[in-house]
Amino acid sequence: MRVTDPLAACDRLTVVLVRALPLSGKGRWASDDAIHAPVLAYAIAQLRMRVRPAFQPDWIVTDPVHITLFGGTNTGKSTVVNVLVGRPAAGMGVRARCSQHPEAYRSSTLGDRWLMGNPTRFQGYRRYHDEHPPRQSDEELQRDGYRRALALLDIDRLPGVPLAPLAAPTAIVWDAPDFSTEQSTSYLGTILDLLALADLVVMTVTDECYADDRGTSLLKMVGDSGVTTLIVANKLPENRTLLEDVGRTLGSAGGSQAPVLRLPEIPGVSTLDRLEQLLRRDEAGVLREAVQREAALGPALKQRSLMGSIDFLERHLDEFLGPLSHEVNASARWQATVAQLTRESILEPYQRDYLEGIRYGELNRTLLHLMELLQVPLIGPILDLTGRVVRIPLRLAGRGIRSLLGHRTDVPKPAPEQEILQDVIPHWLAAIKAEAQVLARSESSDEWTAIVMELESDRFRTELMGPFDRAFEAYRERMERLVRRRAEDLYETLSENPKKLATMRGANLMASATSVALVIKTAGLDWSDAVLGPVVAGVWQNLLEWGLGRYLETLRSELKAVQLQAMRQLVEVHLEQPVRNLFPGAVSAGDLDAARADFASIKAEATRIAGGSRP
């Protein structure tokens, strides 16, 4: 697909908005005096249910008008469905959540292409044909969650005698679950799917619930998205004042230009009897005519609904992306803070105290490996004996000193490089935690508090240091191979002058070098201890006298550069990045820019479709 493909743009924008949901304070019911319409979740539903399907070929021809009936418990949605389809198709009961799943009543001539050809519509819903999905008890909803399902009901196949023709034969009438019970929060997403799909929304109310905050907030949201709305005051007594108050309360909220339509309460012994009486009333005729008039607009109604969705998305896009933008900024600050503290607390001390310090040992090791290459085979036994004699008192002295200092004598002494890292890493972690604590106090965010707790946990530190220690050992092995290669390179350089090579093979010098090397390996000294001074100084002096000073300086600089780069990568991958990932951010700044560009592509295509042109 092309980057500007509107279908792909819809999918990408949907992904970004879904990531914004956990950051949004909307999208959920709050307490009774703080009801918030789930605007973001509704916008996501519009992209999936209305906008993306409109970009499919022949959408305007194959997609029928969708009429959604929604309301609170016992407001008579099913009654209105039956009035519109002209038969007792929907169950008319007093039990709460009688309609628990979406149920579509339609003529068989409409087919299913509008559903099967649009993969984002009702994705994940189990579909039932000509039967009602099984209900879930309150206990099942709490234990198992809501099982999404929908019913596709062919009017001509339903039992019962038709009492009137379909009010809108080219439309699909949807009976939505209620929104006013505590359990309805588990299927609020389904209600939003039906509202997002609708080209015409019919809200049912009674005199007891028309001022309910949940209902008015949803209706206002739907009206704000440009969907045509009708309000049916069901089971309403003859009371003009009450009817006018319903109109004042809901008419402006829903943006409806039509008057509130009234349906009287009809007594009767059966559903069929009540429906027959209701269909004979003028009020039912007015309702059927109002729905028929809107549905007859067909493509014009659907194009208007499409552009209403686009305008709605455009007005709210900054609001939707705002929490993500805030998180991107917070994540960027966190990434920058971690990077700065890593540089200041680990890399700079490492470079200062080791690479540029007196304990730097890689060049010394290089020269000692060179001496090993220069050994004279005939004096090997003598060198071994000398080494054993020298290292015995040094080993004993070393153990004595460690014992006096309170150190374990069976623990090998770490290399200077490792000692420095063991010292700076705890200070680095402490500095990181302090920064997170400051952010937790200043922003009052649970996420920062969680990061502080993670940084304090033994588990996190173990998981952090384990991979780092293993990677450090692998790094030391690579450096040892590099040091040996550099010693071999230096040997090759010396081999070009046999006289210099012979001089370097002086037995006394070799004996000293081998003895010192053996002492280092067995007595716990390191490659940069003062005992190496006389040996390395002698080798260094000879090399300088032979004009290899620049070569040695270049060698030292190259070794340090390689080590600094390797250590920087080691720290970045195994220390810095895991701490960065504690606040990864849902999206990047580039994702936000792409989301706005995708919306521009979506708007351009929708505008073209609403104008009647297709490619």
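Residues numbered from 1 in each chain as written. Predicted model: local features only at pLDDT ≥ 70, side-chain atom pairs only at ≥ 80, totals over all residues. Heavy atoms only, no water.

Along the protein, the regular secondary structure elements total 22 helices and 8 strands. Looking at the protein residue by residue over its 615 residues, the buried ones come to 49%. Put simply, 81% of the contacts in the protein that link residues at least 6 apart link residues at least 24 apart. By element, 53% of the accessible surface of the protein is carried by carbon and sulfur atoms, the whole surface being about 28,700 Å². (Helix = DSSP H or I, 4+ residues; strand = E, 2+ residues; numbered from the N terminus. Buried < 20%, exposed > 50% of the residue type's maximum accessible area, 1.4 Å probe, protein only. Contact = heavy atoms within 4.5 Å. Areas by Shrake-Rupley, 256 points an atom, 1.4 Å probe, with all protein chains shown as cover.)

Once that is clear, we can look at the sheet that holds strand 4 (residues 149-154). The strand order across the open sheet formed by 8 strands is 3-4-2-5-1-6-7-8, and the pairing between neighbours is mixed. Both outer strands of the open sheet, strand 3 (126-129) and strand 8 (261-263), are each paired with one neighbouring strand and no more. Between one strand axis and the next, the sheet turns through 25 degrees on average, direction left out of account. Sheet topology places strand 1 (residues 65-71) next to strand 5 (residues 171-175); 5 bridges connect them, and they run parallel. Among the inter-strand pairings, Ile-67 is bridged to a residue of strand 5, identified as Val-173. (Pairing = 2+ DSSP bridges. Axes fitted to C-alpha atoms, helices over the stretch in contact; angles between N-to-C directions.)

A full pass over the atoms with the stated rule returns 3 cavities of 30 Å³ or more. Taken as a whole, the largest cavity encloses approximately 50 Å³ of empty space. Looking at the largest cavity, the residues that line it are Ile-67, Leu-84, Val-85, Tyr-105, Leu-166, Ala-167, Ala-168, Ala-171, Val-173 and Val-291. Elements with a minimum of two residues in the lining of the largest cavity: helix 4 (77-85) and strand 5. Considering only residue class, the lining of the largest cavity consists of 10 nonpolar, no polar and no charged. (1 Å grid on protein atoms, 1.4 Å probe; cavity = no way out; pocket = protein on both sides within 12 Å on 5 of 7 lines; lining within 4 Å. Points joined across faces, edges and corners; volume = space filled by probe spheres on them. Nonpolar A, V, L, I, M, F, W, Y, C, P; charged D, E, K, R; others polar.)

So, about the packing of helix 13 (residues 362-373) against helix 21 (residues 549-580). One can describe the packing of helix 13 onto helix 21 by two numbers: an axis separation of 10 Å at closest approach and a directional angle of 125 degrees. What the angle tells us is that helix 13 and helix 21 run oblique. When you trace helix 13 past helix 21, the crossing you get is right-handed. Counted together, Glu-362, Leu-363, Thr-366 and Leu-367 of helix 13 and Leu-552, Leu-555, Arg-556, Leu-559 and Gln-563 of helix 21 form the full contact between these two elements. In terms of residue class, the contact of helix 13 with helix 21 is built from 5 nonpolar, 2 polar and 2 charged. (Parallel < 35°, antiparallel > 145°, perpendicular 65-115°, else oblique. Left-handed = near helix turned anticlockwise from the far one by under 90°.)

Positive phi outside glycine occurs at Asp-58, with the angle close to 60 degrees. Positionally, Asp-58 belongs in the loop between helix 2 (39-54) and helix 3 (59-62). Owing to a relative accessible area of 45%, Asp-58 belongs among the partly exposed residues under this scheme. Its identity as a non-glycine residue notwithstanding, Lys-235 has a phi of 55 degrees, on the positive side. Topologically, Lys-235 is positioned in the loop between strand 7 (228-234) and helix 9 (240-254).

Let us look at the packing of helix 15 (residues 416-443) against helix 16 (residues 446-456). The interhelical angle for the contact between helix 15 and helix 16, taken along N-to-C directions, is 155 degrees, at an axis separation of 8 Å. Considering the angle they form, helix 15 stands roughly antiparallel to helix 16. Here helix 15 runs over helix 16; the crossing is left-handed. Contacts between helix 15 and helix 16 pair Ile-432, Lys-433, Ala-436, Gln-437, Leu-439, Ala-440 and Glu-443 from the former with Trp-448, Thr-449, Ile-451, Val-452, Leu-455 and Glu-456 from the latter.

Its 12 residues give helix 8 (residues 213-224) an end-to-end C-alpha distance of 16 Å, which sits within 8% of 16 Å, the value for a rise of 1.5 Å per residue. Along helix 8, the positions that sit buried rather than exposed are Gly-215, Thr-216, Ser-217, Leu-218, Leu-219, Met-221 and Val-222. Looking one or two residues beyond helix 8, the residue adopting positive phi is Gly-226, at roughly 85 degrees. (Expected span 1.5 Å × (residues − 1).)

Secondary-structure assignment places Leu-367 in helix 13. A sequence separation of 117 residues divides Leu-367 from Arg-484, and the C-alpha atoms of the two residues are 9.4 Å apart.

Attention now moves to the pattern of salt bridges. Under the definition given, this model contains 32 salt bridges. When the shortest N-O distance is used, the salt bridge between Asp-154 and Arg-157 registers 3.5 Å. The partner of Arg-240 in a salt bridge is Glu-244, and the shortest N-O contact between them spans 3.2 Å. Of the two residues, Arg-240 and Glu-244 are both situated in helix 9; the distance of 4 residues between them amounts to about one turn of the helix. (Salt bridge = Lys/Arg side-chain N within 4 Å of Asp/Glu carboxyl O.)

With that settled, the discussion passes to the pairing of strand 1. The element strand 1 is extensively covered by neighbouring structure, given that 7 of its 7 residues are classed as buried. Side chains Val-65, Ile-67, Leu-69 and Gly-71 of strand 1 all project onto a buried face; the interleaved residues His-66, Thr-68 and Phe-70 project onto the opposite face, where all are buried too. In the sheet, strand 1 pairs with strand 6 (residues 200-205) via 5 bridges, with the strands oriented parallel. Its bridge partner lying in strand 6, Phe-70 is registered against Met-203.

In this section: the confidence of the model for the protein. Taken residue by residue, the protein gives an average pLDDT of 82. The fraction at 70 or more is 80%. The least confident element of the protein is helix 19 (residues 507-523), whose mean pLDDT is 48; the most confident is helix 2, at 96. Between residues 93-97, whose pLDDT stays under 50, and residues either more than four places distant or in other chains, the model counts 14 contacts. (pLDDT = per-residue confidence, 0-100.)

Across the 7 residues that make up strand 7, a large majority, 7, are buried. Side chains Thr-228, Leu-230, Val-232 and Asn-234 of strand 7 all project onto a buried face; the interleaved residues Thr-229, Ile-231 and Ala-233 project onto the opposite face, where all are buried too. Pairing of strand 6 with strand 7, which is carried by 6 bridges, proceeds in the parallel orientation. Looking at strand 7, one finds that Thr-204 is bridged to Val-232. Alignment of strand 7 against strand 8, held across 3 bridges, turns out to be parallel.

Next up on the list: helix 16. Because each turn of an α-helix spans 3.6 residues, side chains separated by three or four positions in sequence point in the same direction. Among the residues making up helix 16, those that are buried are Trp-448, Ile-451, Val-452 and Leu-455. Angularly, the buried residues of helix 16 cover 100 degrees about the axis, an arc narrow enough to put them on a single face. The exposed residues of helix 16 that point more than 90 degrees off its buried face are Asp-446 and Met-453. Among the structural elements, helix 12 (299-355), helix 15, helix 17 (458-495) and helix 21 are those in contact with the buried residues of helix 16. (Arc of directions from axis to C-beta.)

With that settled, the discussion passes to the packing of aromatic side chains. The geometry of an aromatic ring pair is captured by the separation of the ring centres together with the interplanar angle, meaning the angle of the planes. The tally for this structure, following the rule as stated, stands at 12 aromatic pairs. A centroid spacing of 5.1 Å and a plane angle of 50 degrees characterise the contact between Tyr-146 and Tyr-187, whose relative ring orientation is tilted. In this pair, Tyr-146 sits in the loop between helix 6 (138-144) and strand 4 while Tyr-187 sits in the loop between strand 5 and helix 7 (188-197), placing the two residues 41 residues apart along the sequence. Chaining the aromatic ring pairs together yields one cluster made of Trp-114, Phe-122, Tyr-125 and Trp-174. Lying over the aromatic face of Tyr-360, Lys-560 brings its terminal NZ or CZ to 5.3 Å of the ring centre. (Phe/Tyr/Trp six-rings, centres within 6.5 Å; stacked < 30°, edge-to-face > 60°. Lys NZ or Arg CZ within 6 Å of the ring centre and 35° of its normal.)

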